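Architecture and fold: a report
One-letter residues, chain by chain:
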Amino acid sequence: MNTPMSLSAARGRVLSFTEKDKTDEESGTLESSLLQLIDDNRRSSLQLREKTERSRKEAIRHGARTADLLVKAVNGGVEECFINEKRIETEIRNLAVTVARFGKQTDQWLAATHAVNSAVKEIGDFENWMTTMEFDCKKITAAICNIHEDHH
């Protein structure tokens, strides 16, 4: 470090004791001021670094909290959709079983209706046959009565 004495000596001038004391005193004040400035700067830098670190950690904590809340919000909707999807799938399976059961029941009813229709048709056919037979029997009886009356 250059002192005022060495600067004066470098300029070729020799300082007197009074000037030398004054210069030493000024350099001590200047040096202490510079040391004070350096110390203040170091302290301010350290405080700023600590404050920055605290702010960074707080920002990370807030960011993580925000991310958690966003994930919960999104997952809540997704979870609700998933639950609804499962309910709908269960309902679809239940409805498919019900439709199949109703289809079988309808087929049974159709078969029963067809059987009843066939039976009614057969009854109608039998009734028609009976009417025809009754008519034929009456004709035969009338013919036999006519033959019997003609012979008597």
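Think of each chain on its own: its residues are numbered from 1, step by step along the sequence as written. The predicted origin of the model limits local features to residues at a pLDDT of at least 70 and limits the giving and counting of side-chain atom pairs to 80 or more, whereas totals for whole chains, interfaces and linings rest on all residues. As a convention, hydrogens and water are excluded, and side-chain values are obtained from all of the structure's heavy atoms.

1. Some remarks on the overall build of the protein
Quick reminder of the rule: Put simply, DSSP H or I for four residues or longer makes a helix, DSSP E for two residues or longer makes a strand, and each gets a number counted from the N terminus. Summary of the burial criterion: residues with accessible area below 20% of their type's maximum are buried, those above 50% are exposed, and those between are partly exposed, where the area comes from a 1.4 Å probe applied to protein chains only. Only the protein chains shown count as cover for residues, with accessible areas throughout obtained via the Shrake-Rupley method and a probe of 1.4 Å.
Helix and strand content of the protein: two helices and zero strands. For the protein, the proportion of its 152 residues judged to be buried stands at 3%. Accessible area of the protein: about 13700 Å², with a carbon and sulfur share of 62%.

2. Notes on the packing of aromatic side chains
This is how the line gets drawn: Only Phe, Tyr and Trp rings are paired, with Trp represented by its six-membered ring, and only when their centres lie within 6.5 Å; those with planes under 30 degrees apart are stacked, over 60 edge-to-face, the remainder tilted. In this analysis the charged atom, NZ for Lys or CZ for Arg, is taken to sit over a ring once it is within 6 Å of the ring centre and within 35 degrees of the ring normal.
Evaluated as defined, the whole model comprises one aromatic pair. In this structure, Arg101 is placed above the aromatic ring of Phe102, and the distance from its NZ or CZ to the ring centre is 5.2 Å.

3. Looking at the pattern of salt bridges
Quick note on the threshold: A side-chain nitrogen of Lys or Arg and a carboxyl oxygen of Asp or Glu constitute a salt bridge if their distance falls within 4 Å.
By the definition in use, this model includes five salt bridges. We note a salt bridge from Arg43 to Asp39, for which the minimum N-O separation is 2.4 Å. You can see Arg43 and its partner Asp39 sitting in helix H2 (residues 17-151), four residues apart, about one turn around the helix. Take Arg43: its relative accessible area is 40%, and that puts it in the partly exposed class.

4. A look at a nonpolar patch on the surface
How we decide: Patches in this entry comprise residues that are over 30% relatively accessible and not in a salt bridge; like charges within 9 Å are linked, as are nonpolar side chains (Val, Leu, Ile, Met, Phe, Trp, Tyr) within 5 Å.
On the surface, a nonpolar cluster with roughly 410 Å² of combined accessible area is contributed by Phe126, Trp129, Met130 and Met133. If you trace the backbone, Met133 turns up in helix H2. With relative accessibility at 33%, the residue Met133 sits in the partly exposed group.

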